[in-house]
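Given next are the chains, with one letter for each unit.
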Amino acid sequence: MAEDKQLSGIRKVVIAGTGSYLPEQILTNHDLAKIVDTTDEWIQTRTGIRERRRAADGEVTSELAAHASRRALEAAGVTPEEVQLIVVATITPDMMFPSTSCIVQDRIGATNAFCFDLEAACSGFQYALDVAQRYIATGDVEIALVIGAEKLSTFLDWNDRATCVLFGDGAGAAVLRPADDGQRGFIGSVMGSDGSLAGLLGIPGGGTALPPSIESLQRGDHFLKMEGREVFKQAVRCMSDAAGRVLEKCGLTIADVKWIIPHQANMRIMTAIAERLDVPIERFYLNVHRYGNMSAASVPVALDEAARDGSLESGDLVLFVVFGGGFTWGATVLEW
């Protein structure tokens, strides 16, 4: 059956439903000022963030992902048994292996899906979308579930004000299926990477380079590390370039796009990108002030909120633009 579909050509793919989940605990800038040398004014001026969510101690990444997935499936009118592919984008898996996607599969009862994780840091959800929609486009899969989920609070040094104020926990998900006649869905995407910049942002400990040990724990190797100024410059350059390239690839201009949904890293980064693209910041769908940087969860959470609050209407062109450790970056255009 799949072979016949491939012979008939590439299929168009749409997002059929979205879902998100945010942990209950809200950690404000004033809360952080009680545990680290910072102030609400210092954080807001540099990042635009006012608060973020923090998962409970026993609340793991797969649990966040499962909550978001159930809401996406409900929105799409799809049962767990109909899902044939699950891709989880995360840098904070439940464990080294098995994959978080397999654990999510069991949590939601998607017994007919094959599953894998994808790690591209903050770009992960867009990378996962691109992979999943290609499975559907070629006819190998009918229904795919793509998830971005992170529990970054586990990997933060709460004594480092340069990083602990930036990140939050959460999950977002999207259900993909073949388009109906007349729907365009995914139009085009571009992606890029530069491993020479890997040392600027990452979690150095826990792998084969710096295996877990008493010494690595004492050094704090398992905490997230970031060279903020250089990351800022690279993020603005790469995201702006990716946006321009995908629009050119699709034969569009920025004026054709209704909403830009960026990786929600830092308000200053998004303002700089808006200036480079010569587009009002009001056309960026933003929630960084409420959730901070949720890595791979940022875009799907923002997408779900835009879908549910009525910002997105049928036929709107949407531009995703992302950047993350690796370095990785990319942009995708789709019709809602």
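Residues numbered from 1 in each chain as written. Predicted model: local features only at pLDDT ≥ 70, side-chain atom pairs only at ≥ 80, totals over all residues. Heavy atoms only, no water.

Undergrad: Teacher, can you tell me more about the pattern of salt bridges here?
TA: Opposite charge on two side chains lets them pair, provided their charged atoms get close. Under the defined criterion, the tally for this structure stands at 10 salt bridges. Where R134 meets D130, a salt bridge forms, and the shortest distance between an N and an O atom there is 2.8 Å. Of this pair, R134 and D130 both sit in helix α6 (residues 124-137), 4 residues apart, roughly one helical turn. Classification of R134 by relative accessible area gives partly exposed; the value is 46%. Among the salt bridges present, the one from D180 reaches R177, with a minimum N-O distance of 3.7 Å. (Salt bridge = Lys/Arg side-chain N within 4 Å of Asp/Glu carboxyl O. Helix = DSSP H or I, 4+ residues; strand = E, 2+ residues; numbered from the N terminus. Buried < 20%, exposed > 50% of the residue type's maximum accessible area, 1.4 Å probe, protein only.)

Undergrad: Explain the packing of aromatic side chains to me, please; I cannot follow it from the model alone.
TA: Note on aromatic pairs: each is described by the distance of the centres and the angle between the planes. Applying the stated criterion across every chain yields a total of 3 aromatic pairs. Ring geometry for W259 and Y285: centres 5.7 Å apart, planes at 75 degrees, overall edge-to-face. In this pair, W259 is assigned in strand β11 (residues 259-262) and Y285 in the loop between α10 (267-277) and α11 (288-291), connecting sequence segments 26 residues apart. Take W259 and Y285: they sit in the same class, and that class is buried. With 4.9 Å between their ring centres and 70 degrees between their planes, F323 and F327 make a pair best called edge-to-face. For F327, a relative accessible area of 0% gives the class buried. We note R161 situated over the ring of W42; from NZ or CZ to the ring centre the distance is 4.3 Å. Here the basic side chain of R268 rests over the ring of F232, its NZ or CZ set 5.2 Å away from the ring centre. (Phe/Tyr/Trp six-rings, centres within 6.5 Å; stacked < 30°, edge-to-face > 60°. Lys NZ or Arg CZ within 6 Å of the ring centre and 35° of its normal.)

Undergrad: It is not clear to me how the sheet that holds strand β12 (residues 317-324) should be interpreted in this structure. Could you clarify?
TA: Taken in spatial order, the 4 strands of this open sheet run β8-β13-β12-β11, and their pairing is mixed. In the strand order of this sheet, the two ends are held by β8 (186-193) and β11, each with one partner. For this sheet, the mean angle separating the axes of adjacent strands, direction not counted, is 10 degrees. The pairing of β11 with β12 spans 4 bridges and is parallel. Within β12, the residue paired with I261 across the bridge is F320. Sheet strands in contact with helix α9 (residues 228-250) are β8, β11, β12 and β13 (328-335), and its direction is about 35 degrees off that of β13. (Pairing = 2+ DSSP bridges. Axes fitted to C-alpha atoms, helices over the stretch in contact; angles between N-to-C directions. Contact = heavy atoms within 4.5 Å.)

Undergrad: Would you explain the side chain of N287 in this entry?
TA: The residue N287 is located in the loop between α10 and α11 in this model. Exposure remark for N287: the relative accessible area of 0% places this residue in the buried category. The contact partners of N287, leaving out residues within four places of it in the chain, are Q264, V301, A302 and E305.

Undergrad: Can you help me understand the sheet that holds strand β5 (residues 114-118) in this one?
TA: Read from one edge to the other, the open sheet built from 5 strands follows the order β1-β7-β6-β4-β5, with strand pairing classed as mixed. Edge positions in the open sheet fall to β1 (13-21) and β5, since each of these has one partner strand only. Each neighbouring strand pair of the sheet contributes to a mean axis angle of 20 degrees, computed without reference to strand direction. Pairing analysis gives 8 bridges linking β1 to strand β7 (residues 170-178), with the strands arranged antiparallel.

Undergrad: Sorry, what's going on with the environment of A242 here?
TA: Relative to the elements of secondary structure, A242 occurs in helix α9. Given a relative accessible area of 0%, A242 falls into the buried group. Each C-alpha atom, one on A242 and one on G192, is 8.1 Å from the other, the two residues being 50 residues apart in sequence. Apart from the residues within four sequence positions on either side, A242 is in contact with V190, W329, G330 and A331.

Undergrad: Even after reading the chapter, I still don't get the nonpolar core, so can you show me in this structure?
TA: Soluble globular proteins tend to pack their nonpolar side chains together in the buried interior. Ranked by internal contacts, the top residues of the largest apolar core, which has 49 residues, are V246, I260, L319, F323 and F327. For this core, the secondary-structure elements that each account for two or more residues are α9, α10, β12 and β13. It is α9 that provides the largest number of residues to this core, a total of 10 residues. For this core, the two domains that each supply at least three residues are domain 1 (5-178) and domain 2 (186-335). Once residues within four sequence positions are removed from consideration, F323 is found in contact with C122, S123, V231, Q234, A235, C238, M239, H263, T328 and W329. With 33 residues, the next largest nonpolar core counts F125, I136, A174 and L334 among its residues. (Core = buried A, V, L, I, M, F, W, Y, C linked by side-chain atoms within 4.5 Å. Domains from an automatic or database assignment.)

Undergrad: I'm lost on the domain arrangement of the protein in this one. Help?
TA: By a widespread convention, an interface's size corresponds to the accessible area lost as its parts come together. Taken domain by domain, the protein comprises domain 1 (5-178) and domain 2 (186-335). Measuring from the centre of the C-alpha atoms in domain 1 to the corresponding centre in domain 2 gives 14 Å. In this assembly, 52 residues from domain 1 lie in contact with 45 residues from domain 2. Each partner contributes to the roughly 3,800 Å² buried at the junction of domain 1 and domain 2, and carbon and sulfur atoms together form 62% of this total. When the area that domain 1 buries against domain 2 is broken down by residue, the three leading residues are C122, Q126 and Y127, summing to 18%. (Buried area = accessible area lost by both parts, 1.4 Å probe.)

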